[in-house]
Every structure is written in structure tokens, then in C-alpha cells.
Amino acid sequence: MNSAQRQEAAAQERRERKRVADLLAQAERDELEAAWEALPSKPAVRPVRGPETGLVMVRGRIGGGGSPFNLGEVTVTRATVRLASGTIGHSHSLGTDREKARLSAIFDALWQQSATKGFVEKAILQPVTERIADYDRKRAEETAATRVDFFTMVRGED
């Protein structure tokens, strides 16, 4: 494998980790708890950091392209765990739900292991993806139902 191929493989791995982190952050606590209960063999988990709650400054831009400004602070909970295998998992999520952050970090670590990656994809990531897609579809349908088309008729030359 040459240097360019290694760089592309590393970039692909980062994109996949970002996808997993995004979906775990959007997972509901009950979805995570149900997947934890369904896990056939629960790993030994040691906390490395947290879960802990803090504030993060959110920045915005007018129109998406203007100068950035501080919009305000949001509450975020993060956690880092180490499985008995040595794999480390991280999570960040909006809000103050520490158990959600802990479970998300555990599933992040489990996703990194080849033996449990398929379980995490099937038990959590796929259902969360489907739930988000359903929500987006319903919202688009509701928005489309209120759409008004305006048109102008030309009356001829005056």
C-alpha cells in the first residue's frame, strides 16, 4: 500500500468514525439501553473521563456566510471509556444525560472492534438512521402541505 492509499484509507476511517459519533449523539437513551440489554456478552468497562457535563460556546453566521458571532452556550455531556480489550470509546451529546453519554462511548468502542461492529451497526446505527430519515421525511411532507405557489399572469400589452 503506497502513501496515497494509506492517506485515503485514513480519511475514510475518519469519515466513518464521524458518522458513528454523529449517530450515537443523536440516539435516544432508550435506544441505547435497549441495545445494551440485547448485547449478548457485555464487556468490562472502565471510565477514563466522565461522564461530565459542561458548556460549549455555539458560534453562528448570518446567512451562513457572514462574519461569525457568539450565539450562546449549550450544555454538553461527554464521556470516555476503556473496554477490557483496551479499546477506547468517546462520546459527546447535547444535554445533561450522563448515562446516555456513557452508553454512547461504550458503543463507540464496541464499533471499533471487528467482533462487535456488526452488532452496533444493526442494533443502534441503522435504527437511528431510519428514525432520523423518517422524521426528516415527515417534516418535509408537512412543509410541502403548506406550500403556496404564486404565479403572475400577463394581461397583455398596455
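Since the structure is predicted, the reported quantities are computational estimates derived from the model, not experimental observations.

K.L.:
Honestly, the overall build of the chain in this entry has me stumped. Any pointers?
P.N.:
Broken down by element type, the chain carries 4 helices and 3 strands. When the elements of the chain are put in sequence order from the N terminus, they spell out α-α-β-β-β-α-α. The C-alpha atoms of the chain give 22 Å as radius of gyration, which overshoots the globular expectation for 158 residues (15 Å, by more than 25%). Taken along its principal axes, the extent of the C-alpha atoms in the chain is 85 × 40 × 35 Å. Here the chain holds 158 residues, and 24% of them are scored as buried. Of the contacts formed within the chain by residues at least 6 apart in sequence, a portion of 51% connects residues at least 24 apart. As presented, the chain carries roughly 11100 Å² of accessible surface, and 52% of it is formed by carbon and sulfur atoms. Across the chain, 25 positive and 23 negative side-chain charges occur, with their mean positions spaced 8 Å apart.

K.L.:
Just checking my understanding: could you explain the packing of helix H2 (residues 29-38) against helix H4 (residues 114-145) for this structure?
P.N.:
The description of two packed helices rests on the angle between their axes and on the distance between the axes. The contact between H2 and H4 brings their axes to 10 Å, and the two run at 160°. Classed by the angle they form, the pair H2 and H4 counts as roughly antiparallel. The element H2 and its partner H4 pack so that their crossing is right-handed. Counting all contacts with H2, which are made through Glu31, Leu32, Ala35 and Ala38, the residues of H4 involved are Phe119, Ala123, Ile124, Val128 and Arg131. A class-by-class count of the residues in the contact of H2 with H4 yields 7 nonpolar, no polar and 2 charged.

K.L.:
Before we go on, may I ask you to explain helix H1 (residues 3-26) in this structure?
P.N.:
A turn of α-helix holds 3.6 residues, and therefore any two residues three or four places apart point the same way. When the terminal C-alpha atoms of H1 are compared, their 35 Å separation across 24 residues agrees well with the 34 Å that a helix rising 1.5 Å per residue should span. For H1, every residue scored as buried is listed here: Ala11, Val20, Leu23 and Leu24. On its buried side, H1 packs onto H2, helix H3 (98-112) and H4. The opening residue of H1 is asparagine 2, an N-cap whose side-chain oxygen sits 3.1 Å from the backbone nitrogen of alanine 4.

K.L.:
Looking at this structure, how should I read the packing of aromatic side chains?
P.N.:
Geometrically, a pair of aromatic rings is defined through the distance of the ring centres and the angle of the planes. Under the criterion given, the structure shown has 1 aromatic pair. Relative to phenylalanine 107, the ring of tryptophan 36 lies with its centre 6.3 Å away and its plane at 80°, an arrangement referred to as edge-to-face. Remark: phenylalanine 107 occurs in helix H3 and tryptophan 36 occurs in helix H2; sequence separation between them is 71 residues. Judged by its relative accessible area of 16%, tryptophan 36 falls in the buried class. One cation-aromatic arrangement involves lysine 42 over tryptophan 36; the distance from NZ or CZ to the ring centre is 5.7 Å. Against the face of tryptophan 111 rests lysine 117, its NZ or CZ located 4.3 Å from the ring centre.

What counts, and at which threshold
Residues numbered from 1 in each chain as written. Predicted model: local features only at pLDDT ≥ 70, side-chain atom pairs only at ≥ 80, totals over all residues. Heavy atoms only, no water. Helix = DSSP H or I, 4+ residues; strand = E, 2+ residues; numbered from the N terminus. Rg over C-alpha atoms; globule rule 2.2 N^0.38 Å. Buried < 20%, exposed > 50% of the residue type's maximum accessible area, 1.4 Å probe, protein only. Contact = heavy atoms within 4.5 Å. Areas by Shrake-Rupley, 256 points an atom, 1.4 Å probe, with all protein chains shown as cover. Lys, Arg positive; Asp, Glu negative; His and termini not counted. Charge placed at Lys NZ, Arg CZ, Asp CG, Glu CD. Axes fitted to C-alpha atoms, helices over the stretch in contact; angles between N-to-C directions. Parallel < 35°, antiparallel > 145°, perpendicular 65-115°, else oblique. Left-handed = near helix turned anticlockwise from the far one by under 90°. Nonpolar A, V, L, I, M, F, W, Y, C, P; charged D, E, K, R; others polar. Expected span 1.5 Å × (residues − 1). Polar contact = N/O pair within 3.5 Å; in protein donor to acceptor, adjacent residues only side chain to side chain. Phe/Tyr/Trp six-rings, centres within 6.5 Å; stacked < 30°, edge-to-face > 60°. Lys NZ or Arg CZ within 6 Å of the ring centre and 35° of its normal.

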